[in-house]
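Listed here are the chains, written in short residue letters.
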Amino acid sequence: MFERPLKLTHNDSHRVYFTSDTHFNHDQKFIYESRGYKNRYEHNDALITKINEVVRPQDTLIHLGDFCLNITPPEFDAILSRINCNNIAYIWGNHNSCIRRYYEDAVTTEYGKDIEVYPYAVGKLTYLGYYKELIVNGHMIVIHHYPHQIWNQMQKCSWQLSGHSHYSNPTTRIENTDNKILDVGWDGHGKPLSFPEIQKIMMNKNHVSKDKHH
């Protein structure tokens, strides 16, 4: 079945933010030490504080995967409850941990086993699936945990937002001006990025044709 793009509006009363790869509770030094923290608990506290400084309860935070790792259900519930935003939209990453079980338990209860339904809301989380097309203030955005080489309407200067690479992929960094693609993950920005912030970044990026669609 054809799924229409999700339409959102960014304005003073409702802002739209993007992030990825927060890796809450990930007990590996290459995650928390590389971000300047002594342990996973200090890391969790700092990320929650920053999110709450930036994103208001009435805003929408779109998370492009790898929210958490190595986490128990009570730990997951505690972290989620501390994030003030009431509208978190989630794209599956490659590390889904409890956030996946949270979804599966709810869907199984309502629809039965081995069924996936998107979008699907569970409390403050809305699950968008593995891939989604958005229209924010009239602008087309393709979101996926993984970066693309070609995406829908790129010849019309649509954006592709991703994560996964922890800002190590040169093609998805701010300074790459070949195509309107950006890694919005935590390691590149240290905070969620607003729609206007991304819009400003994309103004300095060009469309470079990768195939016959010019």
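Data block above holds the structure.
Summary of the structure given here. Everything quoted here is computed from the prediction, not taken from an experiment. (Residues numbered from 1 in each chain as written. Predicted model: local features only at pLDDT ≥ 70, side-chain atom pairs only at ≥ 80, totals over all residues. Heavy atoms only, no water.)

### Remarks on the nonpolar core
Filter applied, for reference: Residues belong to one nonpolar core when they are buried, are Ala, Val, Leu, Ile, Met, Phe, Trp, Tyr or Cys, and are joined through side-chain atoms within 4.5 Å. Only protein chains enter the area calculation, which uses a 1.4 Å probe; residues under 20% of their type maximum are buried, those over 50% are exposed, and those in between are partly exposed. Each helix is a run of H or I in the DSSP string that is no shorter than four residues. Each strand is a run of E no shorter than two, and both are numbered from the N terminus. In this description, contact between two residues means that some pair of their heavy atoms is separated by no more than 4.5 Å.
With 28 residues, the main nonpolar core has Phe 24, Phe 67, Phe 76, Ile 83, Ile 99 and Tyr 127 as its most contacted residues. Mapped onto this core, the elements with two or more residues apiece are helix 2 (40–54), helix 3 (73–82), strand 4 (88–91), helix 4 (97–111), strand 5 (120–122) and strand 6 (125–129). Setting aside residues no more than four positions away along its own chain, Tyr 127 makes contact with Tyr 90, Trp 92, Ile 99, Tyr 102, Tyr 103, Tyr 118, Pro 119, Tyr 120 and Val 122. In terms of nonpolar packing, the next biggest core, distinct from the first, is built from 21 residues, Phe 18, Ile 143, Leu 193 and Phe 195 among them.

### With respect to the sheet that holds strand 8 (residues 139–144)
Using the following cut-off: Strand pairing follows a simple DSSP-based rule, namely that at least 2 bridges must link the two strands. Axis definition: a line fit to C-alpha positions, over the contact stretch in the case of helices; interaxial angles, taken between N-to-C directions, run 0 to 180 degrees.
If you walk across this open sheet you meet the five strands as 1-7-8-9-10, and the pairing is mixed. Each edge of the open sheet is held by one strand with a lone partner, namely strand 1 (6–8) and strand 10 (181–183). Sheet twist, expressed as the average angle between the axes of neighbouring strands with direction ignored, equals 25 degrees. Of the strand pairs in this sheet, strand 9 (residues 159–162) and strand 10 are connected by three bridges, and their pairing is parallel. By the bridge assignment for strand 10, Ser 162 is matched with Asp 183.

### Details of the layout of surface pockets
Counted only if it meets this: Only protein atoms enter the 1 Å grid used here. Points where a 1.4 Å probe fits but cannot escape make up a cavity, open sets with protein on both sides within 12 Å along at least five of seven lines make up a pocket, and a residue lines them when an atom lies within 4 Å of a point. Grid points are joined across faces, edges and corners, and a volume is the space filled by probe spheres set on the points. The classification used treats Ala, Val, Leu, Ile, Met, Phe, Trp, Tyr, Cys and Pro as nonpolar, Asp, Glu, Lys and Arg as charged, and all other residues, Gly among them, as polar.
The calculated volume of the largest pocket comes to roughly 150 Å³. Lining the largest pocket we find Pro 147, His 148, Gln 149, Trp 151, Asn 169, Thr 171, Asn 176, Asp 178, Asn 179, Ile 181 and Lys 210. Here the lining of the largest pocket is composed, by residue class, of three nonpolar, six polar and two charged.

### Structural notes on helix 6 (residues 195–202)
For the record, the criterion: As used here, the arc is the angular range of directions from the helix axis to the C-beta atoms.
Regarding helix 6, the residues found buried are Phe 195, Ile 198, Ile 201 and Met 202. One side of helix 6 holds all its buried residues, which, seen down the axis, span an arc of 120 degrees.

### Topic: the sheet that holds strand 5
Taken in spatial order, the six strands make up an open sheet running 5-6-4-3-2-11, and their pairing is mixed. Of all strands in the sheet, those bounded by a partner on one side alone are strand 5 and strand 11 (193–194). In the sheet, strand 4 pairs with strand 6 via four bridges, with the strands oriented parallel. Paired with Tyr 90 across the bridge in strand 6 is Tyr 127.

### Observations concerning unusual backbone geometry
The general pattern is negative phi for most residues beyond glycine and trans for most peptide bonds. The linkage connecting Tyr 118 with the following residue, Pro 119, adopts the cis geometry, with an omega of -10 degrees. In this fold, Pro 119 is placed in the loop between helix 4 and strand 5. A positive phi angle, near 60 degrees, is found at Asp 66, a position not held by glycine. Mapped onto the elements, Asp 66 comes out in the loop between strand 3 (60–63) and helix 3. Positive phi outside glycine occurs at Asp 114, with the angle close to 60 degrees.

### A look at the environment of Asn 52
Applicable threshold: Identification of polar contacts relies on pairs of N or O atoms within 3.5 Å, with a donor-acceptor requirement for protein atoms, meaning one able to donate a hydrogen and the other able to accept it, and with residues adjacent in sequence counted only if both atoms are side-chain atoms.
For Asn 52, the location among the structural elements is in helix 2. Accessibility expressed as a relative area gives 22% for Asn 52, which makes it partly exposed. The sequence separation of Asn 52 and Lys 191 amounts to 139 residues, and the corresponding C-alpha distance is 9.9 Å. Once residues within four sequence positions are removed from consideration, Asn 52 is found in contact with Arg 82, Ile 83 and Asn 84. Within the structure, the side chain of Asn 52 is placed 2.9 Å from the backbone oxygen of Arg 82, a separation counted as a polar contact.

### Comments concerning the packing of helix 3 against helix 4
Rules: The scheme is simple: roughly parallel for angles under 35 degrees, roughly antiparallel for over 145, roughly perpendicular for 65 to 115, oblique for anything else.
Contact geometry for helix 3 and helix 4: axes closest at 9 Å, N-to-C directions at 90 degrees. Relative to helix 4, the element helix 3 lies roughly perpendicular. Contact residues: helix 3 offers Pro 73, Phe 76, Asp 77 and Leu 80, while helix 4 offers Cys 98, Ile 99, Arg 101 and Tyr 102. In the contact of helix 3 with helix 4, the residues fall into six nonpolar, no polar and two charged.

### A closer look at the packing of aromatic side chains
What counts, and what does not: Classification of ring pairs uses Phe, Tyr and Trp, with its six-membered ring standing for Trp, and accepts pairs whose centres are within 6.5 Å; under 30 degrees between planes counts as stacked, over 60 as edge-to-face, and the remaining range as tilted.
Within the structure shown, the criterion is met by 14 aromatic pairs. Centre to centre, the rings of Tyr 103 and Tyr 127 are 4.8 Å apart; their planes meet at 50 degrees, and the pair counts as tilted. Separated by 24 residues along the polypeptide, Tyr 103 in helix 4 and Tyr 127 in strand 6 bring together distant segments of the chain. Each member of the pair, Tyr 103 together with Tyr 127, is buried. Between Tyr 118 and Tyr 130, the ring centres sit 6.3 Å apart and the planes meet at 80 degrees, which makes this aromatic pair edge-to-face. In this pair, Tyr 118 sits in the loop between helix 4 and strand 5 while Tyr 130 sits in the loop between strand 6 and strand 7 (131–136), placing the two residues 12 residues apart along the sequence. According to the relative accessible area criterion, Tyr 130 is partly exposed, its value standing at 43%. One aromatic cluster is present, formed by Tyr 90, Trp 92, Tyr 103, Tyr 111, Tyr 118, Tyr 120, Tyr 127 and Tyr 130 through successive ring pairs.

Geometric values such as these leave the question of function open.
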